[in-house]
Every structure is written in structure tokens, then in C-alpha cells.
Amino acid sequence: MVFNSLEFLIFGLLFFLLWPLFKKKDTSRWLYLVIASFLFYGWWDWRFLFLIIGSGLIDYFSGLWIGKFPKFSKLFLILSLIGNLGSLSIFKYSTFFATALDSLFWKLGVQTNLVANIPEFALILPVGISFYTFQSLSYTIDVYRGRLSPTNNILHFFSYLSMFPQLVAGPIVRAKDLLKQLSKVPTVNALQVWHGIKLIVFGLFQKVVIADNLSLFIDSAFSGSKHYDGPAYWWFVMVAFAFQIYCDFSGYSLIARGLAKTMGYHFKMNFNHPYLSSSLKEFWGRWHISLSTWFRDYVYIPLGGARRGIYLGMLFLWLTMLLSGLWHGANITFVIWGAVHALFLTLERFYSKVQFFRRIPKGLLILITFIQASIAWVFFRAESFDQSIIVLKSMFMFQSSDFKFLTTYFDAMIFLGLAIVIELATLLKRTKISVQSVYKRYNLDLLFISTALVAIVMFRGEGQQFIYFQF
Amino acid sequence: MTAKYKIIFFLPIALIIFLVLKMILPTPNLNDSYRDYCWVKKTHSTEQFNILAIGDSRIYKGVNPTYLLDVNSEFNAVNLGYSSAGYSKEYLSFVSKRIKEKGKRVILCGVTPYSFTPEALKNEHYSSFHDKNTTEVYKMLYLSGYLKSFPRYSPEEIWDYFTDALITHLYHNDFKENGWVESYKIPFDSTAGLRPYRINFIDNTADKNAEKEYLKWVKDISAEGIKIVGFRPPSTLAMEELEDSLSGFNYSNFINEFKQMGGIWLTFSLKDYKSYDGSHLHYESANKFTENLAQKIEKYIK
């Protein structure tokens, strides 16, 4: 079930209608959440519910036994790691690794065909597997590290793991943040509900109005139809994609946070206007925050982080970014996307110390950061490595440009302009106190949310699935 | 204003903005929710009719059921055409279920050389709606219909409307519940369809076995007292010549066999109608063509 569907509208209305009845007692609240969440997920394919249940059971019992049998805690942690990363490897990476091994063996003179022997069920990517696997893993790791007490109640655990707002595309909520909230009777006041509504409506606006209306322009560019070419065209395509993926994913996160808030729970911010960052380091503190912090806390810092000297720190950074790329998809283009970011971050560490670069105006730094992110997005969006090279060559080719695409994709250009204006308005609101006071005094949030709701109805794009469902 | 009042007022304010915009803005050219509803209804409805128009896009754009019958007629009619439809067993079985079981009955078959090619026989457009799961069908049939009042607006159309810009490119498709699609295209180009059709016939010529199967169906259905009326949907002379030369379909042989099986063959003059792309009729011509068709089949339904 997706948030931008009629099914979800009915599901959501029924859920919130009955929520006050069930939320008062722990068991009924957790059971209600688990049943609703399983229904939400099972709507897509009920058979993959067993994967969530299996993964969850491994982590629930691993957590429990880590607490009960501290001597064997490492063993139970390994069990959890094997269970989670094993299912992720089978369902997400089997084809990728089999292809890589086949080509390696072929180079060594041994003819294998591992790809052909992958069972059919493993070729289907269960929606949200990367999200709930990481969420589940964080629970066992935190219990192992002694940062979290394991829960004794299986319903409590599954209400955390499967909670429907964030189940399929995040944010990746940590157990230490949510389990505690779930153990209390949630209370909601009018202000929280209003905040929840604002998040849901603006999230839908980002997804349905901006991202979906940009998709036709971007998809046709990458379909290889070759109607248009030249640097200006490809820069517009990549800027549009930068906003499409941002609005698509940020939109989902906002809806998830809004739903949780309306239920009485708080999820941390997952996107904080990343394209207003003045450095890539700052960008990663604002983009998909729940994943960046996951990798920081469970990969980068345990490896040694920046404490082990500048060169080892760089190595760990590269490793983390490559893994982050691989997390997004089982394709070499995603790994390269991670590598490009690692490269830019490495360069940034050096040039940020140079006096000249410190004098660059903030606006220009924001633009440079955005350009870097857009270049990296080429690898993320391209269908293949070869296509990414062709696109990059076109972007940096010094030749005259044909601007006819601006009229062909007039609608997409309008929505791209709107997305940019919204980001600039956010910047203005954050930096100018006078704008903030006008915004508050005239209750402009009420007008904006009402208008956004109208835009969702009147200017919705052709329904598209959320991009991050494939990760 | 407190949050409580904002919660109360945001929906009414949105409604006011929506109504004001709906009054000011031009009606969108395409209503895709309604389009999907029309296709799903065409495919999944179990309603039966006295007159069916079947065939490919030349039929669903060229035969308007409203013009087939008098206003006070006791009979009913529907258009069951699909894009690139071919006369496959599956499609003919679907058609057979939609004709009334007794009374005056006519099936109008638009026969184009493409109708018997392997690509057409796949009936991909028909299948895309036929194969939808129950939930999707239910949603489109009973919920999407309500979305007729909420079409998607295009900034470009709004811009053109308010700036009085000369519309240089437009593909108008207005979907009707009776299965007809009112259509026209700007710019008008009666040669536009020739190139795609030339490509369509590469390694894709008429299948003799499919013709035989279809003719057997004509015989069986005619035996039940149903009038099977065949005709070549009007397009352009250039298109007919192209189809005749590339399709491997022999009309004169086919017409003879069609008549032998009990079918009634009608011919229409091309000069009476205008095609906006060389293949499909402009909606005014479609109405005129349907009126002419109605006159010719009048005796079978009276």
C-alpha cells in the first residue's frame, strides 16, 4: 500500500478512527499496530510478511538472549547479523554477486553460470527490505552494546519493527528512540495534530506535485530516446532529477513523520533541506539523516572514525560511502555514486583548510555543493555505467545548446521552478527574522497547507511509485 | 490563531480555493482518472447490448454509439474497440459475452489488415485492462469514476488559455462511457500515421489461420441470428494503399469468404471523412460516419 493511493486513504481513515480505542492499553495498542502494519505491508505481497516476521524473530530472541546470557552475547549478535545480512544478501544482492563471480571465474578460465541457478523467489526484491533490516539490526547491536534494554514483549518489539508509517521506506527509526515511546500511552494535543497534518500534506505535495510531475521529463531523457541532447538539456535533466529524488524521498519521510505525530509518536527529521548545504559534509548531515547516522554509528565510528589519523579516517570514510552506495542498490552505478561522494568529501577535507576557499560567499558554496551532488546523481539515475559516462560527457561538452526541450517539457519546468522557489523561500524564512514574524503573524502556514492540498488534487502528476521502494 | 482552529479551517479554506480555481481555470484536455474508468468499465462490465462495435482504435475513435440509435430507441449500443486490437479467440470470446442473448442483435466489425497480424492478435491494450486484479478493477470502477470532477490540470494549458496563445500542438482525447473516444489532433497531418504503419508491418503480416478462426466465429455467431456487419474503417487513400501493399491481407478474398459465412459487408467512400493523422477520424467525421453506418444497418434492428 502506498501513501498516495486510495487504498491508503481508506486504510488511514479507518486506522485513525479506531486508534483511540486501542491505544490506551499496551497489549491492545501493540497488537493493533502490528495487525495494521502487516495489513499495510501484506497489501503489496503477503508472502513477504514471513521475511519480516523471520527477521524480527531472530532479532527479538537475539536481543532477549544477549540480556539473559551475557557470556554468549557475541554469538547472539553474530546470529542476528547473519540472519539479517543473509536475507538482505539473498533477496537484494544474489544476482549482483553471482554476476560478479561469474565474470571473475570466466576471467580465470572457469565457465560458471551462477546467475542461472539463483532460485526464482530470490529474484524478487521485497519492498523496504533494506530499511527494516537495518532497523532490526540496530536493535540487536544496541542491546549488545548495552545501550538498550531488550524488550520482553514480542508484540512491543514487532510494533516497533513493523510500524507502518516507516516500514517500507524509512526513516530508519532506532529502537532506543521508539521502543520507549511505544511503551507509553501516546497523548496528542491539537498542536501536534496540526504539525502532523502539515507534514502529511506537505509530504504529499512534494511527492505528488513536484516529484511525479518531473518524472516524465527525466524518464524520457534516460530512456535513450535521444530527442534532445547537449549540455543545457542534461544539466536541466540532472537538476530536475536532484529535485525529483529529493521530493520523492523527503515527501515519504514527511508523511511517515506526520502519521506518527498524529498517532502521538515522534520520528526524527530525515531531510533538512539538503540542497541548502554549503558543503558536502553538511549535505550528508541533512540528506537521509537516519541512514547517514546509521552508517556513522554502526560502521564508520566502530571502524575507528576520524580518531585513527587522517589517512585511516579517509579509508573508513571511503568504505562507509561505498557501503552506503551498495545499500541503495545492487548495481555498480550505486557503488560509483558512493565513491564519487567519497572523492568529493576527501577533496573537501583538504580545500576547506585553504584560506581562499574560506572566503567564498555562502551562496556560491551552496551552488558548488549542489553541482557536486548533481554530478554524483548521474551515476545514481543512469541505467548503466556506460550511460552515466555518456550523460557526463554531454553535460561537460562545450557546444551550443538547443533549448526546444523547455517548451516541450513546459509543465516539468514549471514544477522544477516551483521546487527551487520553495527551497529558496525556506532559506529566506530561516535567515530573515522579519519573514518569520510575517509568517507567524498572518498564519501563513494555514494558507500554504490549504493551497498545497488543492495543488495535490489539481496538479498531481501521473501516479508513480516512491523511488526508494526499490532499495 | 490556535492549532485547533487551523485544523478546523484548513479544509474549508482548501475547498474555497479549489472551487474558485475550478471556476477560473479552463477544463483540462485529458482526464486520465476518467479515462482509466472508461477502459475498465468497457472491459469488466457484464452489461449486454443489442449493438456492438468491435475492432481497433479506428473503431473506438470512429464509431460513436450515440449516433447508432435513435434517441427513443429501445435498443442499446456500445463500442468495444481497443488500441491495436486483433481478432484473437480471447477478444472474440469477450465480445460474444457482451451481445444480448436474444432479440435484434448486430455486431459491427471494423476489419483492417492489421487486425490479423501477430502483433494485433496479442491484444496488449485489451489485456492490460482484462488482466487487472479485482482490487484494481473495483477501485477504478467504483472509486475512479468519482475522480471525474477532479481532473489533473496542466500549467501549459492554463498558460495558453490566459495568454491566448495559439495552440500549435494538441492531442485531444475525450473518453466517453459508451466506449467512444472523441479525438482530434493539432496540427492536422493526414500523413503522420504512414511511417508508424510502415514499421508495424515489418515481419508482421496478416496470419491466414487467424483469418480462418475469425471467419468461423462469424459463421457460428451468424447462425445464432446475430447480424455480423463488416467494413473497412475509413482512413485515407494513402493509408489504404500502404496497408494493401504491406500487410499481405487480401480484402477481396476476405470479403467473399466473410459473406459466405453469413456476414454482411459494407463499403464507405473515403472522401466523405477527414482523418487527422491518416488513420483515425476527426470526431466530426466519426459522428458523420456513424450516422451513415446507422442508416445502412437500420433494417437489421427494426
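No experiment lies behind these values; they were computed from the predicted model shown.

Asker: Would you explain the domain arrangement of chain A in this entry?
Answerer: The parts lose accessible area when they come together, and the size of an interface is often stated as this lost area. Residue and element names in this part refer to chain A. Under the domain assignment, chain A is made up of domain 1 (6–186) and domain 2 (191–470). Taking both partners together, domain 1 and domain 2 bury about 3100 Å²; carbon and sulfur atoms supply 68% of that area. When the area that domain 1 buries against domain 2 is broken down by residue, the three leading residues are Phe134, Pro171 and Arg174, summing to 18%. We note a salt bridge from Arg174 to Asp297, for which the minimum N-O separation is 3.0 Å. Taken together, domain 1 and domain 2 are joined by 11 residue pairs in polar contact (both at pLDDT 80 or more). Broken down by class, the residue content of the side of domain 1 that touches domain 2 amounts to 25 nonpolar, six polar and seven charged.

Asker: Can you walk me through the interface of chain B and chain A in this structure?
Answerer: Taken together, the contact pairs 31 residues of chain B with 30 residues of chain A. Taken over both partners, the interface formed by chain B and chain A buries close to 2600 Å², and the fraction arising from carbon and sulfur atoms is 73%. When the buried surface of chain B facing chain A is broken down by residue, Lys6, Phe10 and Arg152 of chain B rank first, second and third, together holding 24% of it. There are three salt bridges connecting chain B and chain A. Ionic pairing is found between Arg152 of chain B and Glu462 of chain A, a salt bridge with its closest N-O pair at 3.3 Å. Here chain B is connected to chain A by nine residue pairs in polar contact (both at pLDDT 80 or more). Broken down by secondary-structure element, the contributors of at least two residues to the side of chain B that touches chain A are α1 (3–24), α2 (32–44), α7 (134–143) and α8 (155–163) of chain B. Among the elements that line the side of chain B that touches chain A, the one with the most residues is α1 of chain B, at 13 residues. When its residues are assigned to classes, the side of chain B that touches chain A shows 19 nonpolar, three polar and nine charged.

The rules behind the values
Residues numbered from 1 in each chain as written. Chains lettered and ligands numbered in written order. Predicted model: local features only at pLDDT ≥ 70, side-chain atom pairs only at ≥ 80, totals over all residues. Heavy atoms only, no water. Domains from an automatic or database assignment. Buried area = accessible area lost by both parts, 1.4 Å probe. Salt bridge = Lys/Arg side-chain N within 4 Å of Asp/Glu carboxyl O. Polar contact = N/O pair within 3.5 Å; in protein donor to acceptor, adjacent residues only side chain to side chain. Nonpolar A, V, L, I, M, F, W, Y, C, P; charged D, E, K, R; others polar. Contact = heavy atoms within 4.5 Å. Helix = DSSP H or I, 4+ residues; strand = E, 2+ residues; numbered from the N terminus.

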